[in-house]
Amino acid sequence: MAGFRFPSSGLRALRPEAFGVDPSGERMARIRRSPHFRDGVFQNPGGAARTRPSGSMLEFAKVFFDRDTRPRRAPKSPVPIHPTTYADLAKPPVDGLRLTWMGHSSVLAEIDGRRVLFDPVWGERCSPFPFAGPKRLHPVPLPLAALGPVDVVVISHDHYDHLDLPTIKALVGTDTLFAVPLGVGAHLEHWGVPADRLRELDWHETTKIGGLTLTATPARHFCGRGLRNTQHTLWASWVVASDEHRIYHSGDTGYFEGFKDIGAEHGPFDATMIQLGAYSDFWPDIHMTPDEAVRAHLDLQGGDPAAGVMLPIHWGTFNLATHPWAEPAERTTRATHKAGVTMAAPVCGEPFEPASVPPVTPWWRAAAEEPAEGWPTWPPVVAGPDGADAQDAQAAPDALDTQDTQDRPDRPGSVAVG
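What you are looking at is a predicted structure, and each value in this text was computed from that prediction instead of being measured.

A. Just the sheet that holds strand β9 (residues 206-209), in detail. Taken in spatial order, the seven strands line up as β9-β10-β11-β12-β13-β14-β15 in an open sheet, and their pairing is mixed. Every interior strand has two partners, whereas the edge strands, β9 and β15 (342-343), have only one. As paired strands, strand β10 (residues 212-217) and strand β11 (residues 237-241) are joined by five bridges and run antiparallel to one another. Within β11, the position partnered with T213 by the bridge is A241.

Here it is, written out as structure tokens:
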């Protein structure tokens, strides 16, 4: 569809509102001045990235529509949800920082008295159409109206599973500000967000909102909502810092060396929210696998596995790739433990404080179709000092982190999974 244009004003009028609009005027002039915009498009760090399935479409279709593996890409039973309540959020976090994963990449961050909502998607489908496209695999943990006031909504890029028209429309009537990558503001203004409530940033630009410093940082991805992808809106990861805490949200990204630079300039972080779902060998440049995500977390923390907590995001809510629904969680528990990284694995809607992360339990297994070979040993088996397999612990899942916290008493809530 590259280069497609609506042939008449009549057909343009049929353009779905959710497509948004292309940047124009002074916004487009600012885009052209960006050091990251060249040859008519925004450029990725680390060179060109493949944004469509590599190989033949026939090969991809065979994998995508495979009758044996397709059922495992969605849960077979209702996904456990913590129905977030007013009581959960009314009491201030003890340490000043609390995160609530709302599903996919949507996270509410309460940071030293301010509330930041990343990539809020409350719609039923991540699609321009209410009747087609990937549908939610679980309900939202609370209605958007019950969330309470939000100081700033942060958007990573303009794909439908991160920028949701129904959600933005619901937020237009509030007082919240919006921090967005360069060009994305055109969509929001088109949907009714006043220009004075927009903070539109290029990579490495910063804005201050209510005592928080928000910085747009590079990511390796792409953009587009309509029938033609103009690459005229930027994609970004985000750093949010107060005087006491620092957090990082990756948005969507492939792995790249720039994580080290972001960590050196802005880290270390109390928590990183890292994309690690919807990965595939068909598009390795624009989404990370769990192992790459752990590597990115370590890069952001200056290589120190004892620094901060990693929250996996971008999995569990929508069926967007060919891997099994539960695979991101299973792989991440092993990758984080192998690297000595503390992982947070809350049920969707369950608030937690990075300063005291609860032990990981494999709650996703109750909803997933069990693999033909059965679930791996829990706690997982890891390599012993002689190279042979050795059991980490014989504890039940509710005591998974006992051994790890004994070994590292300075790490409350460390995850003892391999």
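B. Local environment of the nonpolar core. Among the nonpolar cores identified, the biggest contains 72 residues, and F118 and W364 are the most heavily contacted of them. Ranked by residue count, the leading element in this core is helix α8 (residues 290-300), at five residues. In terms of nonpolar packing, the next biggest core, distinct from the first, is built from 28 residues, L108, L144, V180 and L188 among them.

C. Quick peek at the sheet that holds strand β6 (residues 152-154). The strand order β3-β4-β5-β6-β7-β8 describes an open sheet built from six strands, whose pairing is mixed. A strand with exactly one partner marks an edge of an open sheet, and here the two such strands are β3 (97-103) and β8 (198-201). The average angle at which neighbouring strand axes cross in this sheet is 20°, direction not considered. With four bridges joining them, strand β7 (residues 177-181) and β8 adopt parallel strand pairing. If you follow A179 over to β8, its bridge partner there is R199.

D. Structural view of the side chain of T100. Along the chain, T100 turns up in strand β3. By relative accessible area, which is 0% here, T100 ends up buried. Sequence-distant contacts of T100, that is, excluding residues within four places in its chain, are made with T84, L89, S106, V107, L108, G349, E350 and P351.

E. Quick look at the packing of α8 against helix α9 (residues 327-339). Where α8 meets α9, the axes come as close as 8 Å, and the angle between the chain directions of the two elements is 40°. The angle between α8 and α9 falls in the class oblique. Read as a crossing pair, α8 and α9 show a hand that is right-handed. Seen from α8, the contacting residues are P290, D291, V294 and L298; seen from α9, they are P328, R331, T332, A335, T336 and A339. The class makeup of the residues in the contact of α8 with α9 is six nonpolar, two polar and two charged.

F. The pattern of salt bridges, seen in detail. In this structure the tally under the stated criterion is 14 salt bridges. Between E17 and K169 there is a salt bridge, with its nearest N and O atoms 2.9 Å apart. Remark: K169 occurs in helix α5 (residues 165-172) and E17 occurs in the loop between α1 (9-12) and α2 (25-33); sequence separation between them is 152 residues. What makes E17 partly exposed here is its relative accessible area of 38%. Notably, a salt bridge pairs E205 with R30, separated by 2.7 Å at the nearest N-O pair. On the criterion of sequence distance, the pair formed by E205 in the loop between β8 and β9 and R30 in helix α2 is long-range, its members being 175 residues apart. Look at R30 and you get partly exposed, because its relative accessible area is 27%. Ionic contacts of the salt-bridge type, sharing partners, join the residues R27, E189 and E200 into one network.

Cut-offs applied
Residues numbered from 1 in each chain as written. Predicted model: local features only at pLDDT ≥ 70, side-chain atom pairs only at ≥ 80, totals over all residues. Heavy atoms only, no water. Pairing = 2+ DSSP bridges. Helix = DSSP H or I, 4+ residues; strand = E, 2+ residues; numbered from the N terminus. Core = buried A, V, L, I, M, F, W, Y, C linked by side-chain atoms within 4.5 Å. Buried < 20%, exposed > 50% of the residue type's maximum accessible area, 1.4 Å probe, protein only. Axes fitted to C-alpha atoms, helices over the stretch in contact; angles between N-to-C directions. Contact = heavy atoms within 4.5 Å. Parallel < 35°, antiparallel > 145°, perpendicular 65-115°, else oblique. Left-handed = near helix turned anticlockwise from the far one by under 90°. Nonpolar A, V, L, I, M, F, W, Y, C, P; charged D, E, K, R; others polar. Salt bridge = Lys/Arg side-chain N within 4 Å of Asp/Glu carboxyl O.

Any functional reading would require information that these geometric values do not contain.
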